[in-house]
Structure formats: C-alpha cells, structure tokens
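This is what each chain is made of:
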Amino acid sequence: MEGSSFVSTHTDEVPPEAPHAADRLVVAVDGPSGSGKSSVCRAAAAALGAAYLDTGAMYRAATWYCLREEVDLGDPEAVAVAVAELPLTISTNPDHQVVTVGEADVTAAIREATISEKVSQVATNPEARAVLIAAQRRIIDRAGFIVAEGRDITTVVAPDAQVRVLLTASAEARLKRRGAQLGGTQDPEALRRQVLDRDTKDSAASNFTEAADGVAVLDSSDLSFEETVESLTSRVLLAQGARS
Ligand SMILES: Nc1ncnc2c1ncn2[C@@H]1O[C@H](COP(=O)(O)OP(=O)(O)OP(=O)(O)O)[C@@H](O)[C@H]1O
Ligand SMILES: Nc1ccn([C@H]2C[C@H](O)[C@@H](COP(=O)(O)O)O2)c(=O)n1
C-alpha cells in the first residue's frame with residue numbers, strides 16, 4: 001500500500017507503476033454529510049489492508065488554499081485558476097491521514113467550521129471539480145486496492161469500481177452523529193448549516209441521495225459503527241472471492 005500520493009494538477013498521465021487490471025480492486029462509496037463515509041471507509045480500508053482516499057479532504061484543502069490566497073470564492077474563474085495551481089498532497093494510508101498544501105500541513109485546519117461552511121463554493125465549481133477528479137483518478141489508478149469515498153465516486157470518478165456503495169443515514173442520525181463528533185460544541189442551527197444545508201448546496205454538483213444503477217444502498221441509521229464497517233468489508237470480501 002502506498003502511504004502518500006502526490007496530486008499533480010498538471011498532467012493526465014497514468015503513472016508507470018499503475019497495477020495490472022487483475023490486481024485492481026476499487027471500492028467506491030458515496031453519501032451525504034455525516035452518513036459515516038470517512039470513518040467507516042477508513043476503518044474498512046485498514047481492516048482490509050487497502051489504501052484509503054478521502055476526496056472531501058481534497059475539496060477542503062482547495063478551499064483552504066483559496067482562502068489563504070485571498071481568492072474571492074464568489075468569483076468562479078478566480079477559484080478555477082487557483083485550484084489548477086493547487087500544490088496538494090494527500091496520504092492514502094488509512095491509519096495516518098496527512099494533507100499538505102505546499103509546505104503547510106493542513107490536516108487539522110481543513111476540518112474547521114469556516115472550511116465546512118465555505119467548501120461548497122469550491123466543490124460546485126465545474127473547472128475546480130475537473131482538476132480534482134482527474135487527480136483522484138490518478139491516485140486510484142496508482143493504488144490498485146483502494147477504498148475511495150466522496151459524493152461522486154460511484155458515478156463519475158470510478159463508475160467501473162468493483163464495489164459501489166451509497167452509504168446513507170437519516171437526517172436525524174446524521175445530525176446526532178455530527179453533534180457528538182464535534183463534542184456538543186455546535187448549536188443546532190450551526191449543525192444544520194454544516195450538515196443539511198451543505199448537502200443541499202453540494203447536490204447541485206452531484207447526486208449522492210439516490211443510488212445509480214448497480215450501486216448498493218447501505219443504510220446505517222439503525223446500525224452501530226462496527227456493524228456498518230462489517231457490512232462494507234463483507235461486500236468487499238465477497239467481491240474478492242468472486243474474482244479468485
Ligand atoms: N453507523 C454508525 N453509528 C454511529 N456513529 C457512526 C456510524 N457511522 C459513523 N458514525 C460516526 O458519525 C460521525 C460522522 O461520521 P463521518 O465523519 O465519517 O461522516 P462523513 O459521511 O464522512 O461526513 P462528511 O461528509 O460531512 O465528512 C463520526 O463520529 C463517526 O464515528
Ligand atoms: N467527491 C466529493 C467529495 C466531496 N465533495 C464536497 C462536498 C462537501 O461539501 C465537501 C467536503 O466533503 P466532506 O469532507 O464533508 O466529505 O466536498 C464533493 O463535492 N465531491
């Protein structure tokens with residue numbers, strides 16, 4: 001498993017070390033905010049010995065960069081130009097996530113509420129998306145065995161993935177989980193903005209509320225965290241078994 005992938009925004013080439021088709025097993029997971037994508041996919045990847053790609057972290061890092069460069073997020077052309085120059089690296093080690101922009105380690109900073117509230121302005125920019133989607137495809141190609149999660153992985157980034165899952169949960173469960181995750185620091189209105197309002201904005205760029213053809217729905221509303229991880233890993237093991 002590769003621990004770190006440099007995301008070049010300036011080339012489309014498939015890296016020379018890309019694995020053979022027979023060694024590829026891509027697990028694509030999409031879903032709304034707070035459904036458990038990051039935590040469940042990271043745990044499943046660690047259990048399976050797979051790489052892990054958090055594509056949301058890439059949109060968050062792009063937003064952090066735009067803010068640092070004082071780019072007007074309301075100016076789509078300026079955002080597109082900035083993201084095309086984004087010097088981003090993201091680790092694919094499920095046990096150790098590191099995101100850097102140039103020399104800056106932004107792993108913690110990209111989780112702050114300011115970024116959560118502004119990230120949709122970058123994520124709904126078509127040119128910015130094209131740059132990040134190309135980078136995500138290169139990382140997936142290079143990894144071979146990888147769990148990648150986001151909003152458009154099953155449909156746009158890796159529609160040919162061997163395992164495709166839409167991870168859902170009720171709005172009530174998602175708000176409760178996010179509230180607990182943030183240690184009860186957010187008032188109900190701030191939580192709604194960060195979870196439900198963000199979903200509404202992000203829906204303009206991709207459909208992550210309905211499963212596309214061939215995508216299985218995993219509803220975690222009434223499942224524990226461990227049961228959800230188990231459900232995902234068992235689907236992957238089934239796919240592995242079917243190939244051998
Ligand atoms: N089945 C579950 N039962 C209980 N808690 C869960 C479950 N799945 C995830 N969680 C918890 O819910 C919280 C939110 O999960 P997570 O951050 O993985 O969601 P997400 O879908 O990646 O959200 P976002 O897209 O906003 O980043 C975490 O604290 C996680 O541990
Ligand atoms: N494939 C993706 C991944 C993420 N986004 C957007 C949607 C979110 O607002 C933002 C941050 O993602 P999160 O960390 O909350 O999973 O990025 C997207 O549009 N496509």
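The rules we used
Residues numbered from 1 in each chain as written. Chains lettered and ligands numbered in written order. Predicted model: local features only at pLDDT ≥ 70, side-chain atom pairs only at ≥ 80, totals over all residues. Heavy atoms only, no water. Axes fitted to C-alpha atoms, helices over the stretch in contact; angles between N-to-C directions. Helix = DSSP H or I, 4+ residues; strand = E, 2+ residues; numbered from the N terminus. Parallel < 35°, antiparallel > 145°, perpendicular 65-115°, else oblique. Left-handed = near helix turned anticlockwise from the far one by under 90°. Contact = heavy atoms within 4.5 Å. Near = heavy atom within 4 Å. Polar contact = N/O pair within 3.5 Å; in protein donor to acceptor, adjacent residues only side chain to side chain. Areas by Shrake-Rupley, 256 points an atom, 1.4 Å probe, with all protein chains shown as cover. 1 Å grid on protein atoms, 1.4 Å probe; cavity = no way out; pocket = protein on both sides within 12 Å on 5 of 7 lines; lining within 4 Å. Sits in = over half its atoms within 2 Å of the grid points. UniProt positions renumbered as here; feature names shortened; annotations may be inferred. Buried < 20%, exposed > 50% of the residue type's maximum accessible area, 1.4 Å probe, protein only. Pairing = 2+ DSSP bridges. Nonpolar A, V, L, I, M, F, W, Y, C, P; charged D, E, K, R; others polar. Points joined across faces, edges and corners; volume = space filled by probe spheres on them.

### Considering the packing of helix H1 (residues 37–48) against helix H9 (residues 225–243)
Here is step 1: Taken N-terminus to C-terminus, the directions of H1 and H9 make an angle of 50°; their axes are 9 Å apart at the nearest point. Comparing their axes, H9 and H1 come out oblique. Here H1 runs over H9; the crossing is right-handed. Taken together, the residues of H9 that come into contact with H1 (itself represented by Ser39, Val40, Cys41, Ala43, Ala44, Ala47 and Leu48) are Phe225, Thr228, Val229, Leu232, Thr233, Val236 and Leu237.

### Thoughts on the site of ligand 2
Here is step 1: Every one of the 14 residues lining ligand 2 counts as a neighbour, but Arg60, Arg129, Asp152, Arg198 and Asp202 are closest to it.
Here is step 2: Contact between ligand 2 and threonine 55: a nitrogen atom at 3.1 Å from a side-chain N or O atom of the residue.
Here is step 3: The side chain of arginine 60 places a nitrogen or oxygen atom 2.7 Å from an oxygen atom of ligand 2.
Here is step 4: Burial of ligand 2 by the protein amounts to 97% of the accessible area it has alone, namely 450 Å².
Here is step 5: Judged by its atoms lying within 2 Å of the grid points, ligand 2 is housed in the largest pocket.
Here is step 6: At the level of secondary structure, the elements contributing two or more residues to the shell around ligand 2 comprise helix H2 (55–68), helix H4 (113–123) and helix H8 (188–202).

### Comments concerning the UniProt feature "binding site: ATP" (unreviewed entry) in the chain
Here is step 1: With numbering matched to this structure, UniProt assigns "binding site: ATP" (unreviewed entry) to Gly31, Pro32, Ser33, Gly34, Ser35, Gly36, Lys37, Ser38 and Ser39. Checked against the lining of the largest pocket, the annotated residues reduce to Ser33, Gly34, Ser35, Gly36, Lys37, Ser38 and Ser39.
Here is step 2: Here glycine 36 is to be found in the loop between strand S2 (25–30) and H1.
Here is step 3: By relative accessible area, which is 16% here, glycine 36 ends up buried.
Here is step 4: When neighbours within four sequence positions are excluded, glycine 36 is seen to be in contact with Cys41, Leu167 and Arg177.
Here is step 5: Mapped onto the fold, lysine 37 is located in helix H1.
Here is step 6: For lysine 37, a relative accessible area of 6% gives the class buried.
Here is step 7: Among residues more than four places away in sequence, those in contact with lysine 37 are Asp30, Gly31, Pro32, Arg42, Glu149, Gly150, Arg151 and Leu167.

### Overview of the pairing of strand S3 (residues 51–54)
Regular strands show a simple pattern: their side chains alternate between the two faces of the sheet.
Here is step 1: The alternating pattern of S3 places Ala51 and Leu53 and Tyr52 and Asp54 on opposite faces, both of which are buried.
Here is step 2: Of the pairings in the sheet, the one linking S3 to strand S7 (residues 145–150) comprises four bridges and is parallel in character. Residue pairing for S7: tyrosine 52 is matched across the bridge by valine 147.

### Comments concerning the site of ligand 1
Here is step 1: Looking at ligand 1, there are 19 residues lining it, with Ser33, Lys37, Ser38, Ser39 and Thr228 nearest.
Here is step 2: Within the side chain of arginine 178, a nitrogen or oxygen atom sits 2.9 Å from an oxygen atom of ligand 1.
Here is step 3: Here phenylalanine 225 contributes a backbone N or O atom positioned 3.4 Å from a nitrogen atom of ligand 1.
Here is step 4: Contact with the protein chains removes 82% of the 640 Å² of surface that ligand 1 exposes when unbound.
Here is step 5: When atoms are counted within 2 Å of each cavity's grid points, the one that captures over half of ligand 1 is the largest pocket.
Here is step 6: The set of elements that each furnish at least two residues to the shell around ligand 1 consists of H1, helix H7 (171–181) and H9.
Here is step 7: If one sorts the elements of the shell around ligand 1 by residue count, H1 sits on top with four residues.
Here is step 8: The residue inventory of the shell around ligand 1, partitioned by class, reads four nonpolar, ten polar and five charged.

### Comments concerning the layout of surface pockets
Here is step 1: As a volume, the largest pocket reaches approximately 920 Å³.
Here is step 2: Gly34, Ser38, Arg60, Arg111 and Arg178 are the residues nearest the centre of the largest pocket, which is lined by 42 residues in total.
Here is step 3: Here the lining of the largest pocket is composed, by residue class, of ten nonpolar, 18 polar and 14 charged.

### Side note on empty space enclosed by the protein
Here is step 1: For the coordinates displayed, the defined rule picks out one cavity of 30 Å³ or more.
Here is step 2: Taken as a whole, the largest cavity encloses approximately 30 Å³ of empty space.
Here is step 3: Looking at side-chain class alone, the lining of the largest cavity contains four nonpolar, three polar and one charged residues.

### Details of the environment of lysine 118
Here is step 1: Structurally, lysine 118 is set in helix H4.
Here is step 2: You can call lysine 118 partly exposed: its relative accessible area is 32%.
Here is step 3: C-alpha of lysine 118 to C-alpha of serine 170: the two residues are 52 residues apart in sequence and 24 Å apart in space.
Here is step 4: Those residues in contact with lysine 118 that sit more than four places away from it in its chain are Thr63, Leu67 and Leu73.

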